[in-house]
Amino acid sequence: MSSFNLDTLVRPNILSLEPYRCARDDFKEGVLLDANENAYGPALAEIDTEEECQELNRYPDPHQIKLKELVCKFRNSENKFDITPEEVITPENICLGVGSDESIDGLIRTLCRPGKDKLLTCPPTYGMYSICATVNDIDIVKVPLDFETFQIQPELINKAIDADPSINIVYITSPGNPTGTLIPFESFKQILDNPNFNGVVVADEAYIDFAPIGSSFATLVNKYPNLVVMQTVSKSFGLAAIRLGMTFACKRLAGILNALKAPYNISTLTSQVAERTFSDAGVKLMRDRVEILNDQRSLLIKELLKIDRVSKLIGGEASNFILMQIVDSEGVPSSPLAKQIYEKLATTKGVVVRFRGTEPGCPGALRITVGTKEENAILLESLKAVVAELTATK
């Protein structure tokens, strides 16, 4: 059993923080003369009916309870874990942020003392962990994934934690980025149950809806108070432009994170669009499109493997992208050739993928987002032509 204790984990100045009380905490209707807003409305030469209803001259709701209720309804409806009625997630378990990046930074500022505490990552992984750590003067301990399976190595993670009590956060992407590999809860549980770890394990689930339904750990944060789950509407819901991330945590930690965040960090426009996407109709549309993308993913892998110098899929198939390995004429993974292919695809064919050949355990890797049927066809045709051109004299 973990030794998790928020009273000793959270930075004292954050623990004593009193949430900023803003103008919309108490009253949201009436003759509102309390927030120094412009009573004549937005300075837009033309404004439509929908924009008028949004009251763009007013500060947004600081709590977004309706949106949080819809998010909880969605995640609770797909829960496949054994939880009690008391452990069901509610709006009190959620802190909303400007994408997941705000949540990554907020957790670090809450739990890690600059220049003293550390976080642990499992490369190859999402690059913002290290950027936020650097900004906050936090050192990083790295325990690489198993490069054969791209699964985490819980025994090595626990060994690092046992050796260094200053590690307060473990960040794990599941499905992995750039690997696309889903990490089973049993692996997380080995770390959550470490009796020497007074910290949190963060499951970054940006791509979770491309995995089998019920894979999310969001509904477990009351059962495991040292588990934090981050999600976003950017991927499966197709709403990258509205910048909305969701952090699920035990109620006390979620309350602390909500006290830390800016009072109006989520705009009215973002909230209203998000409420629509988490409606029954929005969730159904997301699921329908995810099914199409997952089918396209399987077809794309099959066709890519027919192309010369495309060796194999490395990583998993639980996201809306795939990680393919490029090899030289001897069958050896080649990052230089992969980079040439990436650059030529973009500059001569207008097809942009992501070079990942410098990531640990990913020699010769190209990360390819699954597009529409038509986009995937263009990719395949372009890739064949580029490989043929680059290897004609080699």
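Up top is the structure these notes are about.
What comes next concerns the included structure. (Residues numbered from 1 in each chain as written. Predicted model: local features only at pLDDT ≥ 70, side-chain atom pairs only at ≥ 80, totals over all residues. Heavy atoms only, no water.)

1. Considerations on the environment of threonine 134
Rules: Each helix is a run of DSSP H or I of at least 4 residues and each strand a run of E of at least 2, with the numbering of both proceeding from the N terminus. The buried label applies to any residue whose accessible area, calculated with a 1.4 Å probe on protein chains only, is under 20% of its type's maximum; exposed applies above 50%, and partly exposed to all values in between.
With respect to the helices and strands, threonine 134 occurs in helix 6 (residues 128-135). The exposure class of threonine 134 is exposed, given its relative accessible area of 61%. C-alpha of threonine 134 to C-alpha of cysteine 95: the two residues are 39 residues apart in sequence and 23 Å apart in space.

2. With respect to the layout of surface pockets
Threshold: Here a cavity is any set of points on a 1 Å grid over the protein atoms alone where a 1.4 Å probe fits but cannot get out, and a pocket is any open set with protein on both sides within 12 Å along at least 5 of 7 lines; a residue lines the site when it has an atom within 4 Å of a point. Grid points are joined across faces, edges and corners, and a volume is the space filled by probe spheres set on the points. Ten residue types, Ala, Val, Leu, Ile, Met, Phe, Trp, Tyr, Cys and Pro, are classed as nonpolar, four, Asp, Glu, Lys and Arg, as charged, and the remainder, Gly among them, as polar. All domain edges in this entry derive from an automatic or database-based domain assignment.
When its volume is computed, the largest pocket comes out at roughly 920 Å³. Taken together, 45 residues make up the lining of the largest pocket; nearest its centre are Asn177, Tyr207, Lys235, Arg354 and Arg367. The set of elements that each furnish at least two residues to the lining of the largest pocket consists of helix 5 (99-111), helix 6, strand 3 (139-142), strand 11 (365-369) and helix 13 (373-391). Split by residue class, the lining of the largest pocket holds 19 nonpolar, 16 polar and 10 charged. Taken domain by domain, the makeup of the lining of the largest pocket includes at least three residues from each of domain 1 (6-22 + 60-278) and domain 3 (284-392).

3. Looking at helix 4 (residues 65-77)
Quick note on the threshold: Each helix should span, by expectation, one fewer than its residue count multiplied by 1.5 Å. Between two residues, a contact is recorded if the distance between any of their heavy atoms is within 4.5 Å.
The end-to-end C-alpha distance of helix 4 is 18 Å, a good match for the 18 Å that 13 residues give at a rise of 1.5 Å each. Of the positions making up helix 4, those classed as buried are Leu67, Lys68, Leu70, Val71, Cys72, Phe74 and Arg75. Along its buried surface, helix 4 packs onto strand 1 (94-97), strand 6 (227-232), strand 7 (245-248), helix 9 (251-260), helix 10 (268-277) and helix 11 (280-304).

4. A word on unusual backbone geometry
Put simply, serine 174 and proline 175 share a cis peptide bond, and its omega is -5 degrees. Following the sequence through the fold, proline 175 ends up in the loop between strand 4 (167-173) and helix 8 (185-192). With an omega of 25 degrees, the peptide bond between asparagine 177 and proline 178 qualifies as cis. Mapped onto the secondary structure, proline 178 falls in the loop between strand 4 and helix 8. Notably, glutamate 55 is not glycine yet its phi reads approximately 45 degrees, a positive angle. Position of glutamate 55 relative to the elements: it lies in the loop between helix 3 (49-53) and helix 4.

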